[in-house]
Amino acid sequence: MPKASDTLWDLAIAEVEKREHPGDDDVKPGEVWEKSVLFMGNKNGGKTTIILRCLEREESPKPTLALEYTFGRRARRHNTPKDVAHFWELGGGTSLVELIRIPITSHNIRSFAVVLVLDLSKPNELWTTMESLLQVTRSHVNKILTKLEKTNPEVAAELKQRMWNHLQRDHPDCALVDPFPIPLVIIGSKYDIFHEFDYEIKKIISKTLRFVSHYYGASLVFTSKSEALLLKARALINHLAFGYDKSKSVSLDPSKPLFIPAGLDSMSQIGLPPASDSDFGTVRANTPLELWKKVFEKTFPPKSFRDLQDTKDPAQDSQYAEYEVDVMRAQKNQELEQYKRNASKSWKEMDFDSD
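Fair warning: this is a prediction, and the values are worked out from it, not measured in the lab.

S.K.: Report on the overall build of the protein, specifying residues and quantitative values.
M.R.: The helix and strand tally for the protein stands at 12 helices and 7 strands. Among the 355 residues that make up the protein, the fraction classed as buried is 41%. Contacts in the protein between residues far apart in sequence, at least 24 positions, make up 70% of those at least 6 positions apart. Split by element, the accessible area of the protein, about 20,400 Å² in all, is 53% carbon and sulfur.

S.K.: If you had to explain the pattern of salt bridges to someone new, which residues and values would you point to?
M.R.: Under the criterion given, the structure shown has 11 salt bridges. Note that glutamate 98 is salt-bridged to arginine 101, the shortest N-O span being 2.0 Å. Glutamate 149 serves as the salt-bridge partner of lysine 160, at 2.1 Å between the closest nitrogen and oxygen. Highlighted residues: lysine 160 in helix α4 (residues 153-162) and glutamate 149 in helix α3 (residues 123-151), separated in sequence by 11 residues.

S.K.: Before we move on, can you summarise empty space enclosed by the protein with the specific residues and values?
M.R.: Vacant regions in the atomic arrangement are exposed by a probe of water-molecule size rolled over the atoms. Tallying each qualifying case throughout the model produces 1 cavity of 30 Å³ or more. Within this model, the largest cavity holds a volume of roughly 50 Å³. If you go around the largest cavity, the residues you meet are Arg210, Ser213, His214, Ala218, Leu220, Ile260, Pro261, Ala262, Gly263, Leu264 and Asp265. The element contributing the most residues to the lining of the largest cavity is helix α6 (residues 199-216), with 3 residues.

S.K.: Before we move on, could you go through the nonpolar core and cite the residues and values that matter?
M.R.: The biggest cluster of nonpolar side chains holds 54 residues, and the ones touching the most others in it are Leu38, Met40, Leu116 and Leu184. Within the second largest apolar cluster, 22 residues are counted, among which are Phe39, Val115, Val117 and Ile237.

S.K.: Give a description of α4 that names residues and reports values.
M.R.: Residues of α4 that are buried include every one of Val155, Ala156 and Leu159, and no others. Down the axis, α4 shows its buried residues gathered within 100° of arc, on one side only. Tucked inside the fold, the buried residues of α4 contact α3.

S.K.: Summarise the pairing of strand β5 (residues 184-189); cite the residues concerned and give the values.
M.R.: Summarising burial for β5: 6 of the 6 residues are buried, a large majority. On β5, burial covers both faces: Leu184, Ile186 and Gly188 on one face and Val185, Ile187 and Ser189 on the other are all buried. Judged from the 6 bridges that link them, strand β4 (residues 112-119) and β5 form a sheet pairing that is parallel. Paired with valine 117 across the strands is isoleucine 187, a residue of β5. Sheet topology places β5 next to strand β6 (residues 219-222); 4 bridges connect them, and they run parallel. Opposite isoleucine 186, over in β6, you have leucine 220 as the bridge partner.

S.K.: So what's going on with the sheet that holds strand β1 (residues 34-41)? Residues and values would help.
M.R.: Strand order in the open sheet formed by 7 strands is β2-β3-β1-β4-β5-β6-β7, and the pairing between neighbours is mixed. Pairing within the sheet leaves two strands with one partner each, and these edge strands are β2 (67-75) and β7 (259-260). Inspection of the sheet shows β1 paired to β4 by 6 bridges, in the parallel sense. Across the sheet, methionine 40 pairs through a bridge with leucine 116, a residue of β4. Those strands touched by helix α7 (residues 227-242) are β1, β2, β3 (82-90), β4, β5, β6 and β7, and its axis lies near 115° from that of β3.

S.K.: Lay out the side chain of threonine 48 in plain terms, naming residues and giving numbers.
M.R.: Along the chain, the position of threonine 48 falls in helix α2 (residues 47-54). With residues near it in sequence (within four places) discarded, threonine 48 still touches Pro61, Lys62, Thr64 and Glu89.

S.K.: So what's going on with the environment of valine 37? Which residues, and what values?
M.R.: Relative to the elements of secondary structure, valine 37 occurs in strand β1. Overall, the relative accessible area of 0% leaves valine 37 in the buried class. Taking the C-alpha atoms as reference, valine 37 lies 7.0 Å from valine 115; in sequence the two are 78 residues apart. The residues touching valine 37, leaving out its near neighbours within four places in the chain, are His86, Phe87, Trp88, Phe112, Ala113, Val115, Leu240 and Ala241.

S.K.: Go over the packing of α3 against helix α10 (residues 288-299) with me, naming the residues and quoting the values.
M.R.: Here α3 crosses α10 at 155°, and the two axes come no closer than 10 Å. With respect to α10, the axis of α3 lies roughly antiparallel. Every pair of crossing elements has a handedness; the one defined by α3 and α10 is left-handed. In this structure, α3 contributes Pro123, Leu126, Trp127 and Glu131 to the contact, and α10 contributes Leu289, Trp292, Lys293, Phe296 and Glu297. Across the contact of α3 with α10, the residue classes break down as 6 nonpolar, no polar and 3 charged.

About the thresholds
- Residues numbered from 1 in each chain as written.
- Predicted model: local features only at pLDDT ≥ 70, side-chain atom pairs only at ≥ 80, totals over all residues.
- Heavy atoms only, no water.
- Helix = DSSP H or I, 4+ residues; strand = E, 2+ residues; numbered from the N terminus.
- Buried < 20%, exposed > 50% of the residue type's maximum accessible area, 1.4 Å probe, protein only.
- Contact = heavy atoms within 4.5 Å.
- Areas by Shrake-Rupley, 256 points an atom, 1.4 Å probe, with all protein chains shown as cover.
- Salt bridge = Lys/Arg side-chain N within 4 Å of Asp/Glu carboxyl O.
- 1 Å grid on protein atoms, 1.4 Å probe; cavity = no way out; pocket = protein on both sides within 12 Å on 5 of 7 lines; lining within 4 Å.
- Points joined across faces, edges and corners; volume = space filled by probe spheres on them.
- Core = buried A, V, L, I, M, F, W, Y, C linked by side-chain atoms within 4.5 Å.
- Arc of directions from axis to C-beta.
- Pairing = 2+ DSSP bridges.
- Axes fitted to C-alpha atoms, helices over the stretch in contact; angles between N-to-C directions.
- Parallel < 35°, antiparallel > 145°, perpendicular 65-115°, else oblique.
- Left-handed = near helix turned anticlockwise from the far one by under 90°.
- Nonpolar A, V, L, I, M, F, W, Y, C, P; charged D, E, K, R; others polar.

The following block contains the structure:
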């Protein structure tokens, strides 16, 4: 609330901060705010590289084991406390998706966001990866919202309202979209490889990701190891993590890297799914999302969820070798095998009552 001693300049600064940080009225001037961002997506899709670039760390990316954590600090203005952003990264592609329950909780849900990194060079994995990760995440967030409706209905109502903040009230697509319950950015990685694809293939992938992003109320950006493209991805992530200004530039040309902040696309601009009239006649779908999925998978038959599972045992990976731990593990494995043999023998010798 304005004080009598506030100058016009103080009031102007307060108004700008309010516009830049909607929904964070509980953060008072001078206080440190904390945001959390979960990165997930294809295995070896470039998540770690993007995180390191956002944090301006000159490190070589290493394979992510399970769920990893790091953080960054930024000051909004000169001589102000540094805000904190917590960065979580889910490794293993879709195989460890249940771990998303660890970082996303009822305590941080108001300040949480998700970054989904999809490998553009592997279109046959694209839809399955996206669908499985977003479905589990959405289900978990919805359970938290249901709990909050009973324990803190004001916060639950605020979060549900925020889902629609990216769209203007008179946007023609309000009845056609289903916003993700928390802020979402979709990053198409490895654009340098994708760029060499046939134009029609690129067009199908680009249109599909535009539809999915708009449907979920997400921002969409294509990136690679190119510094210019990484800076665009970094701008979207810094908006989520530190409240930096949201870019209003847009790139819709399928022959160029896409860059579409949430709410700046439309169904009329995206157009119909890329299919022939005869294909439309044979496709049966109950929702727009299902229709786009079936059309996309007709061109790019999906890999099964099992094929995308990371079955490699990290304990057998030489890069994580630790002599004392490995010796103890070998001993425990021997004890486990012995226990199994003894248990099997005991079961065979047991005389069960036939009644």
